[in-house]
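Summary of the model geometry
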Amino acid sequence: YGSEWHLLRFLGYHRDAFSRQVRAEIGGEELSWLDFKFSHKNKACGRDTEYNGLDFITDPDVLRNWYAFWPKSGRAQNWDAVGKIKHGGGEEWLLVEAKAHTREIKGNGCGATSARSIEKIEKALAETKAAFGAGSTPLENWLGPYYQYANRLAALYFLMEAYQPALPARLLFIYFLGDKHKNQECPRTKDEWQPSIEEMESELGIDRGCPLYTRVHHLFLTVTPIVKLGDPFKQ
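The structure contained in this document is the topic of the report that follows.

The rules behind each value
- Numbering of residues begins from 1 in every chain and follows the order in which that chain's sequence is written.
- The predicted nature of this model means local features are confined to residues of pLDDT at least 70 and side-chain atom pairs, given and counted, to a pLDDT of 80 or more, with totals for whole chains, interfaces and linings taken over all residues.
- With hydrogens and water stripped out, all remaining heavy atoms of the structure feed into the side-chain values.
- Numbered from the N terminus, helices here are DSSP runs of H or I no shorter than four residues, and strands are runs of E no shorter than two.
- In a helix, the anticipated span is given by 1.5 Å times the number of residues less one.
- Only heavy atoms matter for contacts: two residues are in contact if any of them lie within 4.5 Å across the pair.
- Burial classes: relative accessible area under 20% of the type maximum marks a residue as buried, over 50% as exposed, and values in between as partly exposed (1.4 Å probe, protein chains only).
- When we speak of the arc, we mean the arc of directions from the helix axis to the C-beta atoms.

Right, let's get into helix α4 (residues 115–131). Because an α-helix packs 3.6 residues into every turn, residues spaced three or four apart end up facing the same way. The end-to-end C-alpha distance of α4 is 24 Å, a good match for the 24 Å that 17 residues give at a rise of 1.5 Å each. Close packing links the buried residues of α4 with α3 (60–69), α5 (139–143) and α6 (147–162). Of the residues trailing α4, Gly133 is marked for its positive phi of about 75 degrees.

Within the secondary structure, Ser3 is located in helix α1 (residues 3–13). Along the sequence, Ser3 and Tyr175 sit 172 residues apart, while their C-alpha atoms lie 8.2 Å from each other.

Mapped onto the fold, Ala98 is located in strand β5 (residues 90–99). We classify Ala98 as buried; its relative accessible area is 1%. Measuring from C-alpha to C-alpha, the distance between Ala98 and Ser136 comes to 29 Å, with 38 residues separating the pair along the chain.

Before going further, it helps to spend a moment on α1. Residues Ser3, His6, Leu7, Phe10 and Leu11 constitute the buried set of α1. When α1 is viewed along its axis, its buried side chains cluster within an angular range of 130 degrees and face the same direction. Seen from the open side of α1, the exposed residues pointing more than 90 degrees away from its buried face are Gly12 and Tyr13.

Next up, the structure:
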């Protein structure tokens, strides 16, 4: 159970079918996934590391500007998967966050303690919320329980607008249907997920009609597709 397990399962055992579902949701002609980084601590495979922040990018100028925008210390954005998708004749980054139960949407808020880090985060989120049409929303809302979603949006804002020339990118939020996580509310349908998602975006004041939001995608994926013959995702 759990979003991490389901996503690794799809990437490992059903990658082609999974990639077709992703392309169907966001468009694009070709999709490839970056391998995760190996752990060097001689631990189980669960200790192999996700990408953090923008450490999947090797361009030193991009990283220099990113660390001016977002703190280098502390916990940066952890991506459940990172891919590259060909879209409209160009190549774009695809950054993935997955959820399997509704409590995963909320967290404890921004945990930064350094005054310098807090200042950077607040400035970055202020710019980001303005870019998402939420300029009048209190900054506290972006630092609160929905901070994880907010800081993912900040990464997209940096790649698309704060850094120039822009590095085309998209965010993909995967909401699994039918997880069996004990003592958790695990939606079985898209409609059961919607109230939690709408509450989150309302709290952040996001304008779904703003241009940057067109690069935020939501994919609802059942963990147990009904298989008759062949590909479980075949139309």
